[in-house]
Each structure stands twice: as structure tokens, then as C-alpha cells.
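Fold and contact review
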Amino acid sequence: MAGDGMAGGVPPAKWARWIELAEAINQARTQYYQHDKPTLSDDEYDAYFRELLSLEQDLPQLQSGDSPSLSIGGRSSEMFNPVEHLQRMYSLDNVFSSEELDGWFGRVERGINEVPEFLCELKIDGLAVDAVYVDGKLQSLATRGDGRVGEDVTHNAAFIAAVPAALTKPKGAAMPALLEVRGEIFLPVATFQQINEEQLALGLSPFANPRNAAAGTLRQRIDRREDELRLAEQSPTPGERGASKIARLRAELESSIGRLNGLGLTVHGIGAVDGFTITRQSQGYEFLSALGLPVSKLARVEKSIEGVRAFIDYFGEHRHDVKHEIDGVVIKVDDLALQVKLGETARAPRWAIAYKYPPEVVRTRLLDIQVNVGRTGRVTPFAVMEPVKVAGSTVSMATLHNAFEVERKGVLIGDMVFLRKAGDVIPEVLGPVVEVRTGSERPFVMPTKCPACGSKLGPAKDGDKDFRCPNARTCPAQLRERLSHVAARGALDIEGLGEKAAYALLECGLVGDEGDLFLLAESDLLGCEFFRREPAKGEDGPQLTENAKNMWTQVQLAKTRPLWRVLVALSIRHVGPTAAQSLARIFKNIDAIAAASVVELAEVEGVGETIALAVHEWFGEPWHQEVVAKWRAGGVQLIDEAGTSASTELAGLVVVITGSLAGYTRDSAAAAVTIRGGKVSGSVSAKTSVLVAGENAGTKFDKALALGVPVLGPAGFEVLLADGLAAALTTIK
């Protein structure tokens, strides 16, 4: 083909790039389909494949019969017997943006001269399989392979509870003589995490996603393990060594079977059939469900393009509410006759498309491992990586928790690593791609001295996995973090006092610790360049910036915050809003909390012995007492005279807040609920007591209506806070 390409006028650079892309794609397919050990992330693979398609579109002479663009990709390995599918299994084309989706909608409309109804379903991050039932009995279960021939994993199906061995006879209809269905084998998220823990413990690369873990689980040779155990039992090695071998083989077999039993299945397609007819894909799903096959309850027929977009947006926001991982939404033309009219390309149907969400697992280079010193002295390693886009944002750092976690995950500086970021969750390094190591990687060594103050590092107590800097009072890093924490939304909520402002207060000597914050005079801020500006014409001397004025105002307002927020702001180890509210509700003032014994503190609901000990030790430290004294002198409210700390009016209620509410930030609205004993949740479910919906409420409003959850407007929210749920419900029209 090289000669043909050159003769066809393909520029050498384009030809070389096509070869490079084709080789990378084919190698990735081999690693992915045959070894269940991908060396590329989904995002990298998609980028290579799209570049290859673009090259072939510009230079059609590049495309030949062996081009990756004309094949589905998977091939059967030699581990299993081949199975030829009764009807070909196609792959799906992908789109990654609204513009690309519009292009597909346009092609569909032009192909059939109408806008059809669309069947929308979740794109499960699983392994495609083909199951054949004859007279209601499972005849074979096979992987997709190359779309024509897959691997026979029927023996393993006997251990997968989600795969019916026999179908249920449908009411009012005959059992189909032949039924070929397509679906996805998947691992629930919790099971996937457990398997990755086992991978890391064995020094292996973690699975990049549940799909690869599901593939590795399904493609186990259970029959060989059974034969090996049977042979050992029939011809045992004498003595204790033989018994040990049999026990080991039995444990390995049971573990493999246990993994198989943890797999799930969702059926989403029909191949060859004999014994029933349908006219719509959604109708077929209803029949499959009647046969006892697991069909997604979340699939929905949408009659408009706007409905499809709403479905995509909803599950983009709620993709982690599902028990299995999803990486997008599949949109299909529902009418089977229109599917036939639209037809297929060499690798994918024209009547279906996969809308892919931004990837949550990517691959990047681990450039270094550094440490950060937190407000309680905890020294946390973090990964410094080549910047990479994941879950819609660019990430260059991720937490590694502690030195034990670095060792457990087996990551080395210089490794290629899998990085995961799910929604708003802090980015996490899953583990190394062991297969691509070059030998130049090096291990991380935990520092023995604090990088901020030089103090000797070590665990605070025996068995503590965290290293801590003991210089709590004067360590610059701890001071900066504690001062920033005072201003956090969950603490005293001081707008304008961020990390940079905290650093400036300390560097300019305006405060020596967090205790001095409320002793500042507004004029003191003029002594620091960060907070002042040059005088404008007619002004007498340097002036405070608008940000500095706003910060000063917010500091004064913070003095009136309720006691529980003060407790959170003091950076007492383990004390968050829940424990702080309980302590404030019972003791009413900070002096009573300081004077309480460990036993008295531990008796408070939601506190317990660990938190009680931390509180008692904190107030026993002289310089901590000085901080409290400074705050008292500065006018901070340390007594809940009006009983404004946590109460119980909303105890037992689960409240979801969506949209914007006049007079509230999202955090302050949530705090108003929790301070009254309610619980705030981020998603609507059957357990939700009430939804509070402001402007631009979004999809949570729709889900609440579907589940019958009461919905309050802004006025109803005020009644809820003042008089409770029963009174608030009367405001619903």
C-alpha cells in the first residue's frame, strides 16, 4: 500500500502519520480486546481515531481494506473457541459536542425526510456480548470480537446470575424459537473499586475503567481452573504440601466464580429472531423484559430533538446516580423500518449514535510528587502531572493522601498514570501503567523535615499513617491554611479573605496567627501593599482597594456568626459542621465546651470519643486559649444567646436545593436547613422529603415531579425554615 499511497499523490508526511495512527490504534485494540490491559485512555484512542478519519476524508486513497476505520476492532484471542454471530454486531460512531450531534440529526432527517422518534438509553461502560437462546434456553454467550466472530464464554455464563439460563414464557405469546440479543456486561462501581484494590495489592496496573475490569472478569478460564483443581484432588501431592495446594486452587476458583457472580447485564439490542415480530426498538425492549431479560428501566422514547438534548443533559449531571459507570448516551431511531432505510456503514449503523461525555479517566505523565502542609499539620503528598483535560477541566495536580498510599498504589515519579476525576470530586491517581515503564522511573521518598518550617516530621501517634508537622503555632504553611480556613464558607464565610489575602496578612506582619484577625483596625490594612492602591486625584494619601474594603466589612460581619461556625473556624481536628452544631446546641457557649470533660463531650450525639478527645486536647493547649481570648476581645460572638445554633425543627428531613434563591447563596441556604436539624442532599431520590426550587431549577425539578416529591418555591422555603414542613406544604398551589 505504501507504493499505492505515494503513487496516489499522498504527501509523505501525511502517509507517515496515517501509518503511525493505524499502528497505534491496532496496538491499542490488541491490548484492549485481547489482553484487557489498555495502554491508551479512551480519550487518547478517540483522538487518534478521529484524526485517522479526518486524514482519510481529506485523502481517500489512504483508506484500504485493512484500515482501522473499516473494522470494528476486536479480534478473538486464542484463549477461547470462536463463535460466529448469527447477525453482525456493529460498533457505534461517536459525537462529542452539540454541533456534532446536530450534524447527525441532520443526516438522519435527510435520509428519511422526517424527524423520527428517538430511543435514548445510557451508554454503559461495559463489555459488549451476544447471547443466543433456542426455545428459551441459553445456547451461547460470546464477546463481540470483530463483530462477526467473538469468543465463546458460555461456560462462564453459568456463574453470572444476571444472565438468565432460561427465558420466562411471556403472557399471551409463544416462546421464540430463536432469539439473539446484544447487551453489556458490566461491573457495579463498588465491585470495580474492590477489584482495583486487589490489582494494586498484586503490583499490577489498575483497570482504567469498569469495562476493562468486566472484560478481565468475564474472560477468565474457569474451566481450566476447575480441571486443575479436579486433577489435584484425584492425584494429590502427599502430605501437607498437597493439602495446601488443593486449598489454594479451591480458593482461587471460588474467588473467580465470586467475581463472575458480581457481573451485571443490560440487554440493548436484538439480532436474529424466529417467533416474534416488532416494529419499534422500544417495543422490542418491552418484549425482552417480559422474557425475563434485564433491560434498562432508564431508556426513554423522545419525540423531539429537544427531548433528546434534555435526556443527555440530565444524565450528564446525574451520571453517578446510576449503579454502573456510564460514559455517554446512545440515541437510536426507534422505528425499525426507518433503521433499515438509513442502513449501515462498514462499521456502524447510520440510525444510531453515541454522545460521549467528557472522559473521567485519562492517561498522563507523573512529573513529580511533592508535599503540602495542611492547617492541622498533616503533610500530604500530591502528584504533579503533565496538564491533561479530564471531566471538562484541565488538571495538573492530584492528591495521593499519604506515603502509605503512594506505596500501595505503586506509583513512581516518571510513570505514565491513569488519572480519574468524577464531577467535582478531587482528582485521583488510580495507579501506574506498568506495561509502558522504561526503567527511568524513581520512587518517591517522604521528606523528613517540614518544607515550610524545617521541623522534623513524623506520625502524631503510633499507627498513624499521616505524617505531621508538630510546629502548629508558627509553621508558615499551617498558619496560612488555618487563616484561609477561618474564611471558608463552611466556617465564618468571609468573602475576600482567600489564600492570597491570608498570605499577605502574614507576610506584612499584620497578624501573627488567626487570633489577631479580629483585632485588626481598618487602617492597619494600609500598611500592606496587597491591600492598598495609589491615591487618585484629590485623594489624601494611599487608599484601600475595593476588595480590601469588602474584606474588612466581611470580617466585621463574621463576628456575629453562630457559635457552631466559630467552632469549625478554630480548625479543631475532626470537628466539622455536624459535630460543631451538636456541641453548640448542647453547651451553648465556648467556655462550657472548653471546661467539659472527654466523657461529657463524647455523650453528645454525633460527637463520640475520637472527636471529644480532639476537642478536649485542643482547648487544653495554652496558645489555643490565647486565640479564643483574642477573638473574644475582638468581639466575636462566643455564646449562642438567642439559641441560633443547631435546632431540631427539620430533624429527619432530607432537603434538596436547586436553582438560585434570592437572599441566599447555595451554601447559606444549605446551612439554614442543617442548622435546624435537616439534611441537605445533592440529588433527588425516593428518600427526598422536599425539593426547594429557585430560578433555573433544572432537571432536579423534573425528577422531583416524576417521583412525587413536594416542591417548594422561595416563599415556601422561608415558611419551611420558620414553621416546618407541614406549614410549608400549605404554600404549594
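Throughout what follows, the structure given in this document is the object of discussion.

Reading guide: rules and limits
- Residues numbered from 1 in each chain as written.
- Predicted model: local features only at pLDDT ≥ 70, side-chain atom pairs only at ≥ 80, totals over all residues.
- Heavy atoms only, no water.
- Helix = DSSP H or I, 4+ residues; strand = E, 2+ residues; numbered from the N terminus.
- Buried < 20%, exposed > 50% of the residue type's maximum accessible area, 1.4 Å probe, protein only.
- Contact = heavy atoms within 4.5 Å.
- Areas by Shrake-Rupley, 256 points an atom, 1.4 Å probe, with all protein chains shown as cover.
- Lys, Arg positive; Asp, Glu negative; His and termini not counted.
- Charge placed at Lys NZ, Arg CZ, Asp CG, Glu CD.
- Disulfide = S-S within 2.5 Å.
- Pairing = 2+ DSSP bridges.
- 1 Å grid on protein atoms, 1.4 Å probe; cavity = no way out; pocket = protein on both sides within 12 Å on 5 of 7 lines; lining within 4 Å.
- Points joined across faces, edges and corners; volume = space filled by probe spheres on them.
- Nonpolar A, V, L, I, M, F, W, Y, C, P; charged D, E, K, R; others polar.
- Salt bridge = Lys/Arg side-chain N within 4 Å of Asp/Glu carboxyl O.
- Core = buried A, V, L, I, M, F, W, Y, C linked by side-chain atoms within 4.5 Å.
- Phe/Tyr/Trp six-rings, centres within 6.5 Å; stacked < 30°, edge-to-face > 60°.
- Lys NZ or Arg CZ within 6 Å of the ring centre and 35° of its normal.
- Axes fitted to C-alpha atoms, helices over the stretch in contact; angles between N-to-C directions.
- Expected span 1.5 Å × (residues − 1).
- Arc of directions from axis to C-beta.
- Polar contact = N/O pair within 3.5 Å; in protein donor to acceptor, adjacent residues only side chain to side chain.
- Left-handed = near helix turned anticlockwise from the far one by under 90°.

The helix and strand tally for the chain stands at 26 helices and 24 strands. Structurally, the chain occupies a C-alpha span of about 85 × 70 × 65 Å along its principal axes. Counting only residues that meet the buried cut, the chain has 47% of its 733 residues in that class. Put simply, of all contacts in the chain between residues at least 6 apart along the chain, 67% involve residues at least 24 apart. Counting only carbon and sulfur atoms, one obtains 51% of the accessible surface of the chain, whose full area is about 34,600 Å². Within the chain, the 96 negative side-chain charges are centred at a point lying 1 Å from the centre of the 79 positive side-chain charges.

What the rule picks out here adds up to one disulfide. C453 takes part in no disulfide bond, and the closest cysteine sulfur to it belongs to C469, at a distance of 3.5 Å. Residue classification places C453 among the partly exposed residues on the basis of a relative accessible area of 28%. With no disulfide of its own, C475 lies closest to C450 among cysteine sulfurs, the gap being 3.8 Å.

The subject of this paragraph is the pairing of strand β13 (residues 378-390). Note that strand β12 (residues 361-373) and β13 share seven bridges and pair antiparallel. Counted as the bridge partner of V371 is P381 from β13. Taking the residues that link successive antiparallel strands as the turn, the β12-β13 hairpin has four residues, and the phi of G377 there is positive, at about 90°. Connecting β13 to the antiparallel partner strand β14 (residues 393-399) that follows it, the hairpin turn spans two residues, and A391 within it adopts a positive phi of roughly 50°.

A separate point is empty space enclosed by the protein. According to the stated counting rule, one finds two cavities of 30 Å³ or more in the structure shown. There is about 70 Å³ of room inside the largest cavity. Along its surface, the largest cavity is lined by E121, L122, I124, T266, V267, H268, Y285, V295, S296 and A299. Elements with a minimum of two residues in the lining of the largest cavity: β3 (118-124) and β8 (264-274). Looking at the second largest cavity, its volume works out to about 60 Å³. Lining the second largest cavity are V129, D130, A131, Y133, L141, V163, V181, R182, G183, L265, V267 and L293. Counting residues per element, the lining of the second largest cavity draws most heavily on strand β4 (residues 127-134), which supplies four residues. Of the residues in the lining of the second largest cavity, the class split is nine nonpolar, one polar and two charged.

Across all of its chains, the model carries 29 salt bridges by this definition. Between E151 and R219 there is a salt bridge, and its shortest N-O distance comes to 2.9 Å. Highlighted residues: E151 in strand β6 (residues 149-151) and R219 in the loop between α7 (210-218) and α8 (222-234), separated in sequence by 68 residues. Like R219, E151 is buried. Taking the shortest distance from any N to any O, the salt bridge between R437 and D415 comes out at 2.8 Å. Linking R437 in the loop between β16 (428-432) and β17 (458-459) with D415 in the loop between α13 (403-409) and β15 (416-420), this pair joins segments that are 22 residues apart in sequence. Under the relative-accessibility criterion, R437 is labelled partly exposed at 30%. In this structure, a network of salt bridges that share partners links the residues E117, R280, D334 and D335.

As a rule of thumb, soluble globular proteins bury nonpolar side chains together. Ranked by internal contacts, the top residues of the largest apolar core, which has 60 residues, are I494, L505, L517, F531 and W631. In terms of residues, this core owes the most to one element, helix α17 (residues 563-569), which gives six residues. Counting residues in each nonpolar core, the second largest holds 40 residues, with V129, V153, L218 and L288 among its members.

Taken as a whole, this structure holds 10 aromatic pairs when the rule is applied. Ring plane angle 85° and centroid distance 5.0 Å describe the contact between Y314 and F315, whose orientation is recorded as edge-to-face. Three or more aromatic residues joined by ring pairs make a cluster, and in this case those are W104, F105 and F118. Sitting above the plane of the F80 ring, R221 keeps its charged end 5.1 Å from the centroid.

Neighbouring strands of a sheet are bound in pairs by backbone hydrogen bonds; such pairs are parallel or else antiparallel. Taken together, five strands build an open sheet; the order of strands is β2-β11-β10-β3-β9 and the sheet is mixed. Looking at which strands have only one partner, the edges of the open sheet turn out to be β2 (94-95) and β9 (300-302). Both β2 and strand β11 (residues 352-356) contribute to a ladder of two bridges, which runs parallel. Residue pairing in the sheet places V95 in a bridge with Y355 of β11. Sheet strands in contact with helix α11 (residues 305-317) are β3, β9, β10 (326-333) and β11, and its direction is about 20° off that of β3.

This part covers α8. Helix length check: α8, at 13 residues, gives a terminal C-alpha distance of 18 Å against a target of 18 Å (1.5 Å per residue), a fit within 8%. For α8, the set of buried residues is I222, E226, L229 and A232. Axial view of α8: buried residues confined to an arc of 130°, hence all on one face. Summarising the geometry of α8, the exposed residues directed more than 90 degrees from the buried face are L231 and Q234.

Once that is clear, we can look at helix α18 (residues 577-587). The complete set of buried residues in α18 reads A579, A580, Q581, S582, L583, A584 and F587. Immediately downstream of α18, the backbone of K588 shows phi near 70°, a positive value.

Now for the side chain of N402. In this structure, N402 sits in the loop between β14 and α13. Owing to a relative accessible area of 11%, N402 belongs among the buried residues under this scheme. Within the local environment of N402, its side chain forms a polar contact with the backbone nitrogen of E405, the two atoms lying 2.8 Å apart. With residues near it in sequence (within four places) discarded, N402 still touches P381, K465 and D466.

Let's shift gears to the sheet that holds strand β23 (residues 690-693). Reading across the sheet, the four strands line up as β22-β21-β23-β24 and stay open at both edges, with parallel pairing between neighbours. For this open sheet the edge positions go to β22 (679-681) and β24 (711-712), each flanked by a neighbour on one side alone. Summarising the sheet, β23 and β24 pair through two bridges and their orientation is parallel. Counterpart to L691 in the pairing with β24 is V711. Across the face of the sheet, helix α24 (residues 699-707) comes into contact with β21 (654-658), β23 and β24 while running at roughly 150° to β23.

Where helix α4 (residues 98-112) contacts α11, the two axes come as close as 12 Å, and the packing angle between them is 145°. Read as a crossing pair, α4 and α11 show a hand that is right-handed. Along the contact surface, α4 presents S98, L101, D102 and F105, while α11 presents I305, V308, R309 and I312.

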